[in-house]
Amino acid sequence: MKKKNIISNKILKIICLHNYTKRTIISLYKYFNVFYPKELLNDIQIGLKKYDVLGRIYIANEGINAQISVPDSYVNKIMSFFKKININLCNININFSIENKSMAFWKLQIKIRKQLVANNIDNVPILKNSSKYYLNAFQVNKLFLDSKSIFVDIRNHYEYEIGHFYQALEIPSKTFREQLDMLKETLLPYKNKKIVLYCTGGIRCEKAFGLLKKYKFKNVYQIYGGILGYINQTQKYSLPMYFKGKIFVFDNRLAERVTNDILSKCRNCNQLTDSIHINCAYHRCHRLFIQCKNCSKKFNFYCSTKCLNI
Ligand SMILES: [Zn+2]
Ligand SMILES: [Zn+2]
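Model, not experiment: these values are computed from the prediction.

Colleague: Any details on the sheet that holds strand 3 (residues 63–71)? Residues and values, ideally.
Modeller: The five strands lie next to each other as 4-1-3-2-5, forming an open sheet whose pairing is mixed. The sheet is open, and its two edges are formed by strand 4 (93–96) and strand 5 (108–112), each paired on a single side. Mean inter-strand twist for the sheet, computed between neighbouring axes without regard to direction, equals 15 degrees. Docked against the sheet, helix 3 (residues 75–85) engages strand 1 (23–31), strand 2 (54–60), strand 3 and strand 4, running at close to 165 degrees with respect to strand 3. Relative to the sheet, helix 7 (residues 203–214) contacts strand 1 and strand 3, its axis offset from that of strand 1 by approximately 20 degrees.

Colleague: Requested: an account of the coordination of the zinc ion (ligand 1), with residues and values cited.
Modeller: Around the zinc ion (ligand 1), the protein contributes the donor atoms Cys266 (SG), Cys269 (SG), Cys292 (SG) and Cys295 (SG), at 2.3 Å from the metal centre. Viewed at the metal, the four donor atoms of the zinc ion (ligand 1) are separated by angles of 102 to 115 degrees, and the geometry they form is tetrahedral. Here the donor residues of the zinc ion (ligand 1) are spaced in sequence according to C-x2-C-x22-C-x2-C. Pair noted here: Cys269 is in the loop between strand 13 (255–257) and strand 14 (277–279) and Cys295 is in helix 9 (residues 293–299), with a separation of 26 residues, a long-range link.

Colleague: Explain the domain arrangement of the protein chain residue by residue, including any values.
Modeller: Here the protein chain is described as being made up of domain 1 (20–112), domain 2 (130–245) and domain 3 (264–308). Centre-to-centre, using C-alpha coordinates, domain 1 lies 25 Å away from domain 2. Contact residues are listed per partner, giving nine residues for domain 1 and 13 residues for domain 2. Here domain 1 packs against domain 2, burying approximately 970 Å² in sum over the two surfaces, 52% of which is carbon and sulfur.

Colleague: Mind laying out the coordination of the zinc ion (ligand 2), listing which residues take part and the relevant values?
Modeller: The coordination sphere of the zinc ion (ligand 2), as far as protein atoms go, consists of Cys280 (SG), Cys285 (SG), Cys303 (SG) and Cys307 (SG), spread over 2.3 to 2.4 Å. Residue Cys285 is classed as partly exposed on the basis of its relative accessible area of 26%.

Colleague: Any details on the UniProt feature "domain: Rhodanese" (unreviewed entry) in the protein chain? Residues and values, ideally.
Modeller: Annotation from UniProt places "domain: Rhodanese" (unreviewed entry) at residues 145–235. Taken end to end, residues 145–235 is 42% helix and 21% strand, and its two terminal C-alpha atoms sit 19 Å from one another.

Colleague: Break down the sheet that holds strand 11 (residues 220–223) for me, citing the residues and quoting the values.
Modeller: An order of 6-11-10-7-9 is seen for the five strands of this open sheet, with the pairing classed as parallel. If you trace the sheet from one side to the other, it starts and ends with strand 6 (134–135) and strand 9 (169–170), each paired once. Both strand 7 (residues 149–153) and strand 10 (residues 194–198) contribute to a ladder of five bridges, which runs parallel. Residue pairing in the sheet places Ser149 in a bridge with Lys194 of strand 10.

Cut-off values and rules
- Residues numbered from 1 in each chain as written.
- Chains lettered and ligands numbered in written order.
- Predicted model: local features only at pLDDT ≥ 70, side-chain atom pairs only at ≥ 80, totals over all residues.
- Heavy atoms only, no water.
- Pairing = 2+ DSSP bridges.
- Helix = DSSP H or I, 4+ residues; strand = E, 2+ residues; numbered from the N terminus.
- Axes fitted to C-alpha atoms, helices over the stretch in contact; angles between N-to-C directions.
- Contact = heavy atoms within 4.5 Å.
- Donors = N, O, S within 2.8 Å, 3.2 Å for Na, K, Ca; no water.
- Tetrahedral: all angles 85-135°; square planar, octahedral: opposite > 155°, others 65-115°.
- Domains from an automatic or database assignment.
- Buried area = accessible area lost by both parts, 1.4 Å probe.
- Buried < 20%, exposed > 50% of the residue type's maximum accessible area, 1.4 Å probe, protein only.
- UniProt positions renumbered as here; feature names shortened; annotations may be inferred.

Here it is, written out as structure tokens:
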């Protein structure tokens, strides 16, 4: 009991400290050869120390991936810091979050990992010239209305179910690895179409894109900056927005609303619902799912009658 109090006081203190600072959430990634990950980690740690940056930064031999929350007054400084820290990062992919909530992260974690986005497959090619096939929001919208194109969602099912491009193809799988394994077979019937890949910020598409090119798919493109990049550009240039619903974000907020359309359905009664994802109350199940308010009352936050009655 005592321990519980100490933790909540600590969290409360952090909430108070950070609540007053206006913050911007930035995602950055770049695939490049990192020969000395530890050195890069140290440089970043020292460089960011005075700026009160929160979030997570992953460094691997294949590159860097970061989701960070930065006080508004330091945003430009932090962006140029990353661009200058390594010559390969001068053109690092940078995305801004749509909503700017201060409470997305509570601490800064910088870690060395085997891969930037876990897929457990070695030798997935990353194409050096993939930027040639990046689409800006104007081009995305043009292709969206083109009957010879197909949009492919390179995310997990729980991300797709709350928001996606209308009629985008989903590759149903539990992990990114499974998805990459299924990519060729799933897309083979569409080989002659213009294939538009997208994910949240663009990083997963780099691998999917590399694989499809390896399999000799000709017309493959990826949305520059992913859904986040697309939304930022459609807002900036007042373009029609063809992404509908919400995006799943990997911080304390879970989801950001993009449009007012509701795409998600309750797992139990199949009605459309705006409820956010929860984990099944039965700890051994822990399934991540969506449940409407009525069903939450009925099932007491368990995913099924089976879990409820266990
Ligand atoms: Zn329901
Ligand atoms: Zn369950």
